[in-house]
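# Coordinates in review
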Amino acid sequence: MLFEKFDPLKGEMLQILDHKGIIINDKLEPKIAKEKLLKMYKTMVLGRVADEKALQFQRQGRMLTYAPNIGQEAAQVGPMAAAKDEDWLVLAFREFNAMLYKGVTLEQAFLYWYGNELGSKYDDNVKVLPINVPIGSQINHAAGLAYASKLQKKDEVAIVFIGDGGTSHGEFHEGVNFAATYDLPMIVIIQNNQYAISTPRHKVIKSKTLAQKAIAYDIFGIQVDGNDPLAMFVAVEEARKRAIKGDGPTIIEAVTYRIGPHTTSDNPKLYREDKEVEEWSKKDPIFRFKRYLIDKKYWTEKADEQLYEEHKQTVLETFKKVEETGEVPLEDIFKYTYEKMTSNLKEQMAYYQEFLDKKGENNGK
Amino acid sequence: MANKTILQAINEALDQAMEKDESIVVYGEDVGYEGGVFRTTAGLQKKYGEGRVFDTPIAEAAIVGSAVGMAINGLKPVVEMQFSGFSLPAYNQIVTHVARFRNRSRGKYHLPMVIRMPYGGGVKALEHHSESLETLYAHIPGLKLVIPSTPYDAKGLLIAAINDPDPVIFMEPKRIYRAFKQEVPDELYEVPLGKARIAKKGEDITIIAWGALVREVEKAMELVPNINAEIIDLRTISPIDQETIINSVKKTGRVLIVHEAVKSFGPAAEIISIINEKAFVYLEAAPRRLTGFDITVPLPKGENHFIIEPKQIAYEVKNIMAFKA
């Protein structure tokens, strides 16, 4: 069994594709169809291009704050490639690539960060929960989804993302304990990107690895090279098989690095050395995945150039469409509070509409 | 039709709702095998199995947070907070998620779920077992807050809460769980949410209360038989039934609001504001409130100072009636 071979207490980490893109563990190399490998790669590149553009849009004052994903593409796309359409994706907030792979449109993803709740109204068949800002609380949502899957005998799992910082939260413990207690089909992906905003993971977490937290719940936990899309795929595929069988949840620690700032309001130069960023940049997930695909003759440099060009166009056009959406209509901010608007809300909305209609002029009446 | 206590009415509501709708699950601390510390869920696990009725870890955030996931994935969870004073570890889930999923997802997801919690004082309990935290929940957009005061309403309101497409906080006045019986229909029925009940018609003064205090108001009025009060049992704290309140105040011109929740920023403050906004010119006396003091609910040896008695209500009513502008 895969997970038994990688003891989180001994610092054993699953890696299949090294940072140069060479297979170093050919026994574990997954047999993924060419089409799927390319979908994974293209999603990662789209995520990367979207990220870089989003940072520019934000600097130009065209977008709200934004949480970049640069460097973490594999940790997000690998798991989603191993997931099935019927599986649930439960987000923290730095999973742009996972969202795109699972069927959230680029337009929706941008619309959210542009400041419109409609961006979280994903298409009907897309089983993704909206971005979850309160740290750690999403674990319990995933546990509940998984409980319902199990009780209703649906063959589906809940895949939930959390950051290294989130594992300190009480709700992380509550959720994993809940899922472990009832053997629920849940997979926790910890994107350990080394920082909780400015605080380095080692300053606030004593555990040698985050995967070892699984031991307390008597479930498997595994450290995976989070910049290796194949290793992430393999780990999630195995965890999924176990979950569906009724063997309960798994914790997968994706060891990765946030190349960009926490959000566009953050300046990482204040708390980390350029040298550290340079070192991690050498482990870039897209670089190594591209090498792998070229070596397999699935991809070419020329196709790559073209892909970046296409994605740039897509991103620019999509964002233009998002900018055209403008302000949210007044009714929308009221009408989703309850299924039916209460008389109280109707009254408040009517009051404000009247104020708008009169342009603030009431002649003292 | 048989005579039942509030406790029996709640148990029957859960039982019959679960029988009719397989998607309902009931869980919380000691809710399964034992049937809850008050026995409101007694017999349910035996009848519906450990999958649908179960004991959880002592982890309120997990209880409520998992209910969010279950409600999204096809179930209707009815979860229990053992006491309202222990709902606070789940408050983050309730405020930041339960109340917001419909709005956050622009209607893609909504949460048909109920969070039950016994509330209120008067049972000589330890710290954190006597709170009246209506304001904490009524203040949050996206939640509904329902409190029954009779066995008939307890059953009908709980069934309505379970059938409601939005999340409902259902506070149960534990002091009167077993205090009295009332005829309760054997079949399933709903008492609509958002509608107050006029417990007694009257002309002289409007008295608004809910939960265990409705009975205290009724007892109080026996002490002043010459005053003909209209007693409103609010039943749903949020969304509040403004119409019933305003219509009554227009008729009586005098108002007393009685609640056990502490005074400052409490529900009575909101109700008086509504009255000022909508019935100001009908008032014949300043609206008043008789509430818990702005203190921590005392332990049993001091609790009787805090608990509102019928005599105190009658005293307050006489004061308001004596007021002449």
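Residues numbered from 1 in each chain as written. Chains lettered and ligands numbered in written order. Predicted model: local features only at pLDDT ≥ 70, side-chain atom pairs only at ≥ 80, totals over all residues. Heavy atoms only, no water.

Bringing the interface of chain A and chain B into the picture now. Counting from both sides, the interface comprises 43 residues of chain A and, opposite them, 46 residues of chain B. Across the contact surface, chain A and chain B share 2 salt bridges. In this structure, glutamate 117 of chain A and arginine 106 of chain B form a salt bridge, with 3.1 Å as the shortest nitrogen-oxygen distance. In this structure, the connection of chain A to chain B is made through 27 residue pairs in polar contact (both at pLDDT 80 or more). Counting residues per element, the ones that place at least two in the side of chain A that touches chain B are helix H5 (138-151), helix H6 (170-181), helix H12 (330-335) and helix H13 (343-357) of chain A. Sort the elements by how many residues they give to the side of chain A that touches chain B and H5 of chain A lands first, with 8 residues. Here the side of chain A that touches chain B is built from residues that sort into 19 nonpolar, 12 polar and 12 charged. (Contact = heavy atoms within 4.5 Å. Salt bridge = Lys/Arg side-chain N within 4 Å of Asp/Glu carboxyl O. Polar contact = N/O pair within 3.5 Å; in protein donor to acceptor, adjacent residues only side chain to side chain. Helix = DSSP H or I, 4+ residues; strand = E, 2+ residues; numbered from the N terminus. Nonpolar A, V, L, I, M, F, W, Y, C, P; charged D, E, K, R; others polar.)

What the domain assignment lists for chain A is domain 1 (2-323) and domain 2 (329-365). Just the C-alpha atoms count here: the centres of domain 1 of chain A and domain 2 of chain A sit 41 Å apart. (Domains from an automatic or database assignment.)

A word on the nonpolar core. A general feature of soluble globular proteins is that nonpolar side chains tend to end up buried together. Counting 83 residues, the largest nonpolar core has Phe178 and Val188 of chain A as its most contacted members. With 8 residues, the single largest contributor to this core is helix H3 (residues 60-72) of chain B. With near-sequence residues (within four places) excluded, valine 188 of chain A lies in contact with Ile139, Val160, Ile162, Phe172, Val176, Thr250, Ile251 and Ile252 of chain A. One finds Ala50, Ala54, Ala74 and Leu307 of chain A within the second-largest nonpolar core, a separate group that totals 76 residues. (Core = buried A, V, L, I, M, F, W, Y, C linked by side-chain atoms within 4.5 Å. Buried < 20%, exposed > 50% of the residue type's maximum accessible area, 1.4 Å probe, protein only.)

Another point: the pattern of salt bridges. Using the criterion set out here, one finds 40 salt bridges over all chains in the structure. Across the pair lysine 290 of chain A and glutamate 301 of chain A runs a salt bridge whose closest N-O atoms are separated by 3.1 Å. Taken together, the residues span a long stretch of sequence, with lysine 290 of chain A in helix H10 (residues 285-295) and glutamate 301 of chain A in helix H11 (residues 301-323) at a distance of 11 residues. Residue class for lysine 290 of chain A comes out buried when judged on its relative accessible area of 17%. One salt bridge connects arginine 235 of chain B with aspartate 153 of chain B, and the closest N-O pair in it is separated by 3.2 Å. Placement of arginine 235 of chain B in the loop between strand S11 (229-233) and strand S12 (236-238) and of aspartate 153 of chain B in helix H7 (residues 151-163) is noted, with a sequence separation of 82 residues between them. Comparing arginine 235 of chain B with aspartate 153 of chain B shows no difference in burial state: the two are buried. When salt bridges with common partners are traced through the structure, they connect Lys4, Glu12, Lys155 and Asp186 of chain B into a single cluster.

The next point concerns the packing of helix H4 (residues 106-114) of chain A against H11 of chain A. Residue and element names in this part refer to chain A. Running from N to C, H4 and H11 cross one another at 50°; their axes reach a closest spacing of 9 Å. Accordingly, the angle class assigned to the pair H4 and H11 is oblique. As H4 packs across H11, the resulting crossing turns out to be right-handed. Across the interface between the two elements, Leu106, Glu107, Phe110, Leu111 and Tyr114 of H4 pack against Thr314, Val315, Thr318, Phe319, Lys321, Val322 and Glu323 of H11. (Axes fitted to C-alpha atoms, helices over the stretch in contact; angles between N-to-C directions. Parallel < 35°, antiparallel > 145°, perpendicular 65-115°, else oblique. Left-handed = near helix turned anticlockwise from the far one by under 90°.)

Turning our attention to the pairing of strand S8 (residues 250-255) of chain A. Residues and elements named next belong to chain A. Along S8, 6 of the 6 residues are buried, which leaves the element largely enclosed by surrounding structure. Of the two faces of S8, the one carrying Thr250, Ile252 and Ala254 and the one carrying Ile251, Glu253 and Val255 are both buried. Relative to S8, strand S4 (residues 186-192) is paired through 6 bridges, and the arrangement is parallel. Paired with isoleucine 190 across the strands is glutamate 253, a residue of S8. As paired strands, strand S7 (residues 220-225) and S8 are joined by 6 bridges and run parallel to one another. By the bridge assignment, glycine 221 is partnered in S8 with isoleucine 251. (Pairing = 2+ DSSP bridges.)

This part takes up the pairing of strand S7 (residues 168-173) of chain B. For a regular strand, side chains alternate in direction, first toward one face of the sheet and then toward the other. All names here are of chain B. Most of S7 is tucked away: 6 of the 6 residues are buried. Side-chain alternation along S7 places Val168, Phe170 and Glu172 on one buried face and Ile169, Met171 and Pro173 on a second face that is also buried. Inspection of the sheet shows strand S5 (residues 114-119) paired to S7 by 6 bridges, in the parallel sense. Of the residues in S7, the one forming a bridge with isoleucine 115 is isoleucine 169. Relative to S7, strand S6 (residues 144-146) is paired through 3 bridges, and the arrangement is parallel. Bridge pairing in S7 places leucine 145 opposite isoleucine 169. Crossover handedness for the path S6 to H7 to S7: right-handed. (Right-handed = clockwise from strand over helix to strand, strands pointing away.)

The description of an aromatic ring pair rests on the distance of the ring centres and on the angle between the ring planes. Applying the stated rule across the entire model yields 31 aromatic pairs over all chains. When the ring of tyrosine 114 of chain A is compared with that of phenylalanine 319 of chain A, the centres are 6.0 Å apart and the planes differ by 90°; the resulting orientation is edge-to-face. Taken together, the positions of tyrosine 114 of chain A in helix H4 and phenylalanine 319 of chain A in helix H11 put the pair 205 residues apart, joining distant regions of the chain. Note on phenylalanine 319 of chain A: relative accessible area 0%, which makes it buried. Aromatic ring contacts, followed pair by pair, group Phe57, Tyr66, Phe96, Phe110, Tyr112, Trp113, Tyr114 and Phe319 of chain A into a single cluster. Taking NZ or CZ as reference, lysine 39 of chain A lies 4.1 Å from the ring centre of tyrosine 101 of chain A, over its face. Above the ring of phenylalanine 101 of chain B, the side-chain terminus of arginine 104 of chain B is found at 5.2 Å from the ring centroid. (Phe/Tyr/Trp six-rings, centres within 6.5 Å; stacked < 30°, edge-to-face > 60°. Lys NZ or Arg CZ within 6 Å of the ring centre and 35° of its normal.)

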